[in-house]
Amino acid sequence: MAKQQDTKKLFEDLSGTGKSIGVLTSGGDAQGMNAAVRAVVRMGIYVGAKVYFIHEGYQGMVDGGDNIEEASWESVSSMLQVGGTVIGSARCKEFRSHEGRLKAAHQLVLRGITNLCVIGGDGSLTGANLFREEWSGLLEELVRQGLIDEEAAQNNSELHIVGMVGSIDNDFCGTDMTIGTDSALHRIIEVVDAIMTTAQSHQRTFVLEVMGRHCGYLALVSALACGADWVLIPEMPPEDGWEEHMCQKLSENRADKKRLNIIIVAEGAIDCHNKPITTNHIKELVVSCLGFDTRVTILGHVQRGGTPSAFDRILASRMGVEAVLALLEASDSTPACVVSLCGNQAVRLPLMECVQMTQDVQKSMDEKNFEEAVRLRGRSFENNLNTYKLLSYHKADSKLPNSSFNVAVLNVGAPAAGMNAAVRSAVRVGIKEGHKMFAVNDGFEGFYKGQIKEITWGDVAGWTGQGGSILGTKRTLPAKHLDKIAEQIRIHNINALLVIGGFETCDRIKQSASGTKRRVFIIETMGGYCGYLASVGGLAAGADTVYIYEEPFNIRDLQSNVEHLTEKMKTGIQRGLVLRNENSNENFTTDFIYQLYSEEGKGVFDCRKNVLGHMQQGGAPSPFDRNFGTKIAAKAIQWISRKLKESYKDGKVFANTEDTACLLGMRRRTMAFQPVVQLKDETDFAHRIPKEQWWLKLRPLMKILAKYKTSYDVSDSGQLEPVTRVRPKKAD
């Protein structure tokens, strides 16, 4: 144990004393940029550095003056939930010239800023890297012109750059998601869901144009998330004759009693001859060929607006903290890096390698090498495209295979948003694989009662956007009814089973607080004994304290938290947010905590409490849940198909090895199948949670950003990783 302690790297060992960090947002704005700025400012101040806002992007750096302003802890309060960028962004022609960069260097040296955190697209990050490469030459020039002295040049001899990608298009290679993409998907899906009701009323076809001049990510993922009939993106131009194919599919869907058609088009969509495909062209095509009532909706800048999603706030906060760590560890020999997301891990990649790869995508598309362009886009884009292709089918394509296998799908445990998207995906991929698909109603209870019926392609139409569980789900465990379940499996000759389920919000509240004077909200979240919802919700909402079962707390901790919050409230901060997981402690209830804070905060703040309850399970699923459910179920069915073929012998399926009953989920950076038997040693069955929780590593971030002194293990950080260009082919 002592050895492990020696190798653990703690960020307390990294000091920012004497360092100055400049943070700027550049290029197009994206939701979540403010969360990134807030994280950089607070983490920078926390480690003892000075942090400066550079207003209006590179233009503010060139102009100097009031555009470069020292930030305080309070100056980033209540900006987490604000869309766009409060420090402003501008496209700056002057910075592209040598003269402009010389002016910018002068402004930074005057304030001793030698660390830059740039939040923007590939153009902004390329400009930052060029600035760094020229830095020593720019300083020499400033000395020659008498604008700075030799001592100033010596003291500011190294410029360190760290980038974070803020772009709603998700068009930067090297990261699974860029800041702003998830929020833009929320805006698109909100519009699609609203359109669906009016389209169904009148039997209409809607053609939606979404942003993505050079990248089709938004169009592709929103098509997956809403079950669109057709999608057109720059990376997958349709072959000649696509117009006829599309109209044929729309006609088939209408014949199957589908009352609406959705076609999603990226603004940069092209055909195989590099000719643009416009929404008006598609409308004219549908009207002339099919006579369908067709409407065009161009979403435009709506996609950039609104509050950032929880995903974007967490992503940006994690990236901001990682960016400061990277700046503290940077040396003259380390290349400029960009903070990226890989699976659920924050990683650092060489900035210019990622930029080069991003530029190579466009080059491949210009050369009509679209397969290479998709590969360069990365695994996230490729997985989405492959899933879309799996789910795309119309009768004229080809005859479906016949596997002679029967596969059943059921939901178990509490209903969760995204379950229906997973069922739809499983059914359709199973049918394409040639299996006969069966739906089980009401979980294991329905299973032993024989509530099983065949489910077809058309039966799951329109399921992606539906909340809850259409199949129905119960918490009944199978143990008592195994004999009856086995009998039903025999009656319906079921060869494989896909089980979707579990172990068997604060923004609006904060907004109401911002209009009042010094108010603290005590919120109770669900989650059983698992503190994930409370912890990650706390990080997304900027909570001051989060109480969870996994981190035991006592009355002294509660007292310390109240005192900490009281001191903060005596400054310019107007609101506080405390989250408590429902089973965090049987004695320190939500009522107890509310009364304690109310009593101790008298004269400084008043308190309100809110128990969120089952509203957390309700509502339509988010784009992430729809997309994740769709992809994970498709992957599960492909695995089932493979295992069925491997286990089939003499007309029977022999499934008696560990690896024929697996759990599929995200583990660090990849989707992994793990035999259920192996989970026995990793699970706390009494409290229905894993013994090790990956997200507990995020809790120190929340505490740091709430101004608590805490320890933070950064052993996983600090490694600049190579950019993966060619991935080995998988065995499957």
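Please read these numbers as outputs of a predicted model, since none were measured by experiment.

Let's talk about the overall build of the protein
Part 1 of the reasoning: The helix and strand tally for the protein stands at 23 helices and 25 strands.
Part 2 of the reasoning: Here the C-alpha radius of gyration of the protein, 27 Å, is about what a compact globule of 732 residues would show, namely 27 Å.
Part 3 of the reasoning: Entry remark: accessible area of the protein is about 32000 Å², with carbon and sulfur atoms responsible for 50%.
Part 4 of the reasoning: Separation between the mean location of the 85 positive side-chain charges and that of the 87 negative ones in the protein comes to 5 Å.

Comments concerning the nonpolar core
Part 1 of the reasoning: Of all hydrophobic cores here, the largest spans 131 residues; its most connected members are Val23, Met164 and Ile264.
Part 2 of the reasoning: Sort the elements by how many residues they give to this core and helix α11 (residues 310-329) lands first, with eleven residues.
Part 3 of the reasoning: Those residues in contact with isoleucine 264, other than ones at most four positions away along the chain, are Leu208, Val210, Ala219, Ser222, Ala223, Cys226, Ala228, Trp230, Val231 and Leu232.
Part 4 of the reasoning: By size, the runner-up hydrophobic cluster in this structure holds 48 residues, among which are Met61, Phe131, Val165 and Val723.

Some points on the sheet that holds strand β16 (residues 519-525)
Part 1 of the reasoning: Here we have four strands laid out as an open sheet, ordered β17-β18-β16-β19, and parallel in their pairing. Strands at the two margins of the open sheet, each flanked by one partner only, are β17 (545-547) and β19 (606-611). Averaged over all neighbouring strand pairs, the angle between strand axes comes to 15 degrees, with direction disregarded.
Part 2 of the reasoning: Pairing between β17 and strand β18 (residues 575-581): three bridges, direction parallel. Across the sheet, threonine 545 pairs through a bridge with valine 578, a residue of β18.
Part 3 of the reasoning: Across the face of the sheet, helix α19 (residues 532-541) comes into contact with β16, β17 and β18 while running at roughly 165 degrees to β18.
Part 4 of the reasoning: With respect to the sheet, helix α20 (residues 555-569) is in contact with β16, β17 and β18, its orientation differing from that of β18 by roughly 160 degrees.

Considerations on the confidence of the model for the protein
Part 1 of the reasoning: Mean pLDDT for the protein: 88, with 92% of residues reaching 70 or above.
Part 2 of the reasoning: Here residues 1-6 is a poorly scored stretch, pLDDT under 50, and it has zero contacts once near neighbours within four places are set aside; other chains count.
Part 3 of the reasoning: Under a pLDDT of 50 for its full length, residues 726-732 has, in the predicted model, six contacts with residues more than four places off or in other chains.

Overview of unusual backbone geometry
Part 1 of the reasoning: In this structure, serine 78 is a non-glycine residue whose phi angle is positive, near 65 degrees.
Part 2 of the reasoning: Within the secondary structure layout, serine 78 lies in the loop between β3 (68-70) and α4 (98-111).
Part 3 of the reasoning: Phi angles above zero are rare outside glycine, and aspartate 442 is one such case at about 60 degrees.
Part 4 of the reasoning: Among the structural elements, aspartate 442 can be located in the loop between β13 (436-440) and α16 (443-449).

Observations concerning the pairing of strand β11 (residues 345-350)
Part 1 of the reasoning: Among the six residues that make up β11, five are buried, leaving the element largely enclosed by the rest of the structure.
Part 2 of the reasoning: Of the pairings in the sheet, the one linking strand β10 (residues 337-342) to β11 comprises six bridges and is antiparallel in character. By the bridge assignment, serine 340 is partnered in β11 with valine 347.
Part 3 of the reasoning: The hairpin turn running from β10 into β11, its antiparallel successor, is two residues long, and glycine 343 in that turn takes a positive phi close to 65 degrees.

Describing a positive patch on the surface
Part 1 of the reasoning: A cluster of basic residues, Arg91, Lys93, Arg96 and Arg213, forms a positive patch at the surface.
Part 2 of the reasoning: In this fold, arginine 91 is placed in the loop between β3 and α4.

Comments concerning a nonpolar patch on the surface
Part 1 of the reasoning: There is a patch of nonpolar side chains on the surface, built from Tyr532, Leu533 and Trp694 and spanning about 290 Å² of accessible area.
Part 2 of the reasoning: Residue position: leucine 533 is located in helix α19.

Quick word on the packing of helix α8 (residues 217-226) against helix α14 (residues 379-391)
Part 1 of the reasoning: Between α8 and α14, the shortest axis-to-axis distance is 10 Å and the interhelical angle comes to 45 degrees. As judged from the angle between their axes, α8 and α14 are oblique. Crossing angle aside, the handedness with which α8 passes α14 is left-handed. Within the contact between the two elements, α8 uses Tyr217, Leu220, Val221, Ala223 and Leu224 and α14 uses Ser380, Phe381, Asn384, Leu385, Thr387, Tyr388 and Leu391.

Focus on the state of the cysteines
Part 1 of the reasoning: The full count for this structure, using the stated rule, is zero disulfides.
Part 2 of the reasoning: Distance from the sulfur of cysteine 342, which forms no disulfide, to the nearest cysteine sulfur (cysteine 354) is 11 Å.
Part 3 of the reasoning: Residue classification places cysteine 342 among the buried positions, given a relative accessible area of 19%.
Part 4 of the reasoning: In this structure cysteine 354 is a free cysteine whose sulfur lies 7.8 Å from that of cysteine 173, the closest cysteine sulfur available.

Cut-offs used in this document
- Residues numbered from 1 in each chain as written.
- Predicted model: local features only at pLDDT ≥ 70, side-chain atom pairs only at ≥ 80, totals over all residues.
- Heavy atoms only, no water.
- Helix = DSSP H or I, 4+ residues; strand = E, 2+ residues; numbered from the N terminus.
- Rg over C-alpha atoms; globule rule 2.2 N^0.38 Å.
- Areas by Shrake-Rupley, 256 points an atom, 1.4 Å probe, with all protein chains shown as cover.
- Lys, Arg positive; Asp, Glu negative; His and termini not counted.
- Charge placed at Lys NZ, Arg CZ, Asp CG, Glu CD.
- Core = buried A, V, L, I, M, F, W, Y, C linked by side-chain atoms within 4.5 Å.
- Buried < 20%, exposed > 50% of the residue type's maximum accessible area, 1.4 Å probe, protein only.
- Contact = heavy atoms within 4.5 Å.
- Pairing = 2+ DSSP bridges.
- Axes fitted to C-alpha atoms, helices over the stretch in contact; angles between N-to-C directions.
- pLDDT = per-residue confidence, 0-100.
- Patch = residues over 30% accessible without salt bridge, like charges linked within 9 Å, V, L, I, M, F, W, Y side chains within 5 Å.
- Salt bridge = Lys/Arg side-chain N within 4 Å of Asp/Glu carboxyl O.
- Parallel < 35°, antiparallel > 145°, perpendicular 65-115°, else oblique.
- Left-handed = near helix turned anticlockwise from the far one by under 90°.
- Disulfide = S-S within 2.5 Å.

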